[in-house]
Amino acid sequence: MKVGVVKEIKNNESRVGLTPAGVFELVKNNHTVLVESKAGEGSGFLDEDYLGAGAVLLPKAEDVYAISDMIIKVKEPIAQEYGLIKEDQIVFTYFHFASSDALTQAMIDSKAVCIAYETVQDADGTLPLLTPMSEVAGRMAIQQGAKYLEKPIKGKGILLGGVPGVPPGKVLVLGAGVVGIQAAKMAAGLGAHVTILDINMKRLRYVNDVMPSHVVTEFSSEYNIRRHIKNHDLIIGAVLVTGGKAPRLITKDMLKDMHPGTVLVDVAVDQGGCFETTRPTTHEDPTYIIDDVVHYCVTNMPGAVPYTSTLALTNVTLPYVLKIANLGWEKACELNPDLNKGLSIVKGKVVYEAIS
Ligand SMILES: NC(=O)c1ccc[n+]([C@@H]2O[C@H](COP(=O)([O-])OP(=O)(O)OC[C@H]3O[C@@H](n4cnc5c(N)ncnc54)[C@H](O)[C@@H]3O)[C@@H](O)[C@H]2O)c1
């Protein structure tokens, strides 16, 4: 198969869909890999790294789209890419069709085979191609939160880990899923006092088993949230209701109960956010302040750390890329029910019920 890799052109996106290690594996399996020049630069992979792994470099994205049987990307195609996608071409990437009519229509019109990372699903219901990005975002949430707690950027002026003779900061994590557990782990590692809430007792039992004793679990309820926001310095929103909008756990009237300079990081912003005052922000302008409370609500947090995120993503996508390349998409999907769930739009037909 001819496998194509293009440079992401969406604003502020520096990840790349395939690393030189991925190229090496595909070439070893007798495939040809066509890489747009500079595609990996933002993630630290130079053209010579791809050449060394056996790729063919092409100067323009147009050339890659024109020749490739399968395109490996990270983000959904944007308008200027729509026309480059050919009939029968496989496009394997994050699509998030539900959020864009224009993209959905363009992919129907292209008659391409669209396989979406975000709906590939294991038998136990987990989403293996979303997990690594949640891991990145969860860990980043503490790094960002710790920074915005500093006084010059309008935070409370607290060092999360404290120092000898001074108690550490307090972190409240709402949701003990992938994001929440990674956030709790980072905060605990810094020495902060952590409270983590969830409505799923299985998750809380797991956290209680694996985390140190300064990570305290509690059942999530409005009563408990109202109680904790009064004395926590950094609050992380990490809840998810599968397929639905995030529940609003902190309402605007609750901000007045927080100390000025408290920092809210709403990782769940991409599902509408779990704070009433959440509005999506970007890495250029990540925060805003309401009632003296700092809000950080960046929708694509992993985009800020492309070196880490590209490796984390391609670790999990490469096995699927190899299956599709070696078997063809039809056989690969037939033999792998998890991959089959990723099939979204096939040759002009929407085949994923939720999207249709
Ligand atoms: N902003 C970003 O860049 C970014 C990156 C990755 C993930 N995310 C988002 O982060 C969110 C969390 O993702 P995840 O992978 O951790 O999901 P997950 O399914 O692993 O965990 C979500 C947890 O929320 C819990 N929950 C549901 N309702 C709750 C409530 N009322 N109170 C407390 N807990 C509740 C669930 O029981 C579950 O344990 C999602 O919205 C995801 O899309 C955002």
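Structure shown above.
Everything numeric in this text was worked out from a predicted model, so none of it was measured. (Residues numbered from 1 in each chain as written. Predicted model: local features only at pLDDT ≥ 70, side-chain atom pairs only at ≥ 80, totals over all residues. Heavy atoms only, no water.)

Enquirer: Requested: an account of the sheet that holds strand β11 (residues 263-266), with residues and values cited.
Expert: The seven strands are arranged β9-β8-β7-β10-β11-β13-β12 in an open sheet whose pairing can be described as mixed. At either end of the open sheet lies a strand with only one pairing partner, and these are β9 (215-219) and β12 (287-290). Within this sheet the neighbouring strands show an average axis-to-axis angle of 20°, counted without direction. Examined bridge by bridge, strand β8 (residues 193-198) and β9 share five bridges and lie parallel to one another. Looking at β9, one finds that threonine 195 is bridged to valine 216. Along the sheet face, helix α7 (residues 178-190) touches β7 (170-174), β8, β9 and β10 (234-237) and points at about 170° away from the line of β8. (Pairing = 2+ DSSP bridges. Helix = DSSP H or I, 4+ residues; strand = E, 2+ residues; numbered from the N terminus. Axes fitted to C-alpha atoms, helices over the stretch in contact; angles between N-to-C directions. Contact = heavy atoms within 4.5 Å.)

Enquirer: Any details on the pairing of strand β13 (residues 293-296)? Residues and values, ideally.
Expert: Burial of the side chains of β13 extends over both faces: Val293 and His295 are buried on one face and Val294 and Tyr296 on the other. Relative to β13, β12 is paired through four bridges, and the arrangement is antiparallel. Pairing of threonine 287 across the sheet is with tyrosine 296, part of β13. Count of turn residues in the β12/β13 antiparallel hairpin: two residues, of which aspartate 291 carries a positive phi of about 50°. (Buried < 20%, exposed > 50% of the residue type's maximum accessible area, 1.4 Å probe, protein only.)

Enquirer: Which residues make up the site of the ligand, and what are the values?
Expert: Surrounding the ligand, one finds 28 residues, the nearest of these being Ser134, Val179, Asp198, Asp270 and Met301. For the ligand, an oxygen atom lies 2.7 Å from a polar atom in the side chain of aspartate 270. In this structure, an oxygen atom belonging to the ligand sits 3.0 Å away from a main-chain N or O atom of threonine 299. Considering the ligand on its own, with 870 Å² of exposed area, one finds that the protein chains cover 85% of that surface. Mapped by element, the contributors of at least two residues to the shell around the ligand are α6 (131-148), α7 and β8. Ranked by residues supplied to the shell around the ligand, first place goes to α6 with three residues. The residue inventory of the shell around the ligand, partitioned by class, reads 17 nonpolar, eight polar and three charged. (Near = heavy atom within 4 Å. Polar contact = N/O pair within 3.5 Å; in protein donor to acceptor, adjacent residues only side chain to side chain. Areas by Shrake-Rupley, 256 points an atom, 1.4 Å probe, with all protein chains shown as cover. Nonpolar A, V, L, I, M, F, W, Y, C, P; charged D, E, K, R; others polar.)

Enquirer: Any details on unusual backbone geometry? Residues and values, ideally.
Expert: Phi angles above zero are rare outside glycine, and asparagine 30 is one such case at about 70°. Summarising the element assignment, asparagine 30 is placed in the loop between α1 (20-28) and β2 (32-36). We classify asparagine 30 as exposed; its relative accessible area is 70%. With a phi close to 60°, lysine 111 is a non-glycine residue in the positive phi region. Residue position: lysine 111 is located in the loop between α5 (101-110) and β6 (113-116).

Enquirer: Run through the nonpolar core, naming residues and quoting values.
Expert: Of all hydrophobic cores here, the largest spans 73 residues; its most connected members are Phe92 and Ile236. Per element, the largest residue contribution to this core is eight residues, and it comes from helix α10 (residues 306-327). Leaving out residues up to four positions away in the same chain, phenylalanine 92 has contacts with Ile71, Ile72, Lys73, Ile115, Tyr117, Leu129, Thr317, Tyr320, Val321, Ile324 and Leu339. (Core = buried A, V, L, I, M, F, W, Y, C linked by side-chain atoms within 4.5 Å.)

Enquirer: If you had to explain the packing of α6 against α7 to someone new, which residues and values would you point to?
Expert: Running from N to C, α6 and α7 point in directions that differ by 35°, and their axes come no closer than 7 Å. Helix-helix and strand crossings are classified by hand; for α6 and α7 the assignment is right-handed. On α7, the residues touching Thr131, Ser134, Glu135, Gly138, Arg139 and Ile142 of α6 are Val178, Val179, Gln182, Ala183, Lys185, Met186, Ala187 and Leu190. Here the residues of the contact of α6 with α7 sort into seven nonpolar, four polar and three charged. (Left-handed = near helix turned anticlockwise from the far one by under 90°.)

Enquirer: Can you tell me about the side chain of threonine 93, naming the residues and giving the values?
Expert: Along the chain, the position of threonine 93 falls in strand β5 (residues 90-93). The exposure class of threonine 93 is buried, given its relative accessible area of 0%. A distance of 3.5 Å separates the side chain of threonine 93 from the backbone oxygen of lysine 73, its partner in a polar contact. Among the polar contacts listed, one links the side chain of threonine 93 to the backbone oxygen of lysine 75, at a separation of 3.0 Å.

Enquirer: Talk me through the pairing of β11; I want residue IDs and the actual numbers.
Expert: Side chains Val263 and Val265 project from β11 onto one buried face, and the interleaved Leu264 and Asp266 project onto a second face that is buried too. The pairing of β10 with β11 spans four bridges and is parallel. Within the sheet, the bridge partner assigned to leucine 234 lies in β11 and is valine 263. Pairing of β11 with β13, which is carried by three bridges, proceeds in the parallel orientation. Bridging from a neighbouring strand, leucine 264 pairs with histidine 295 of β13.

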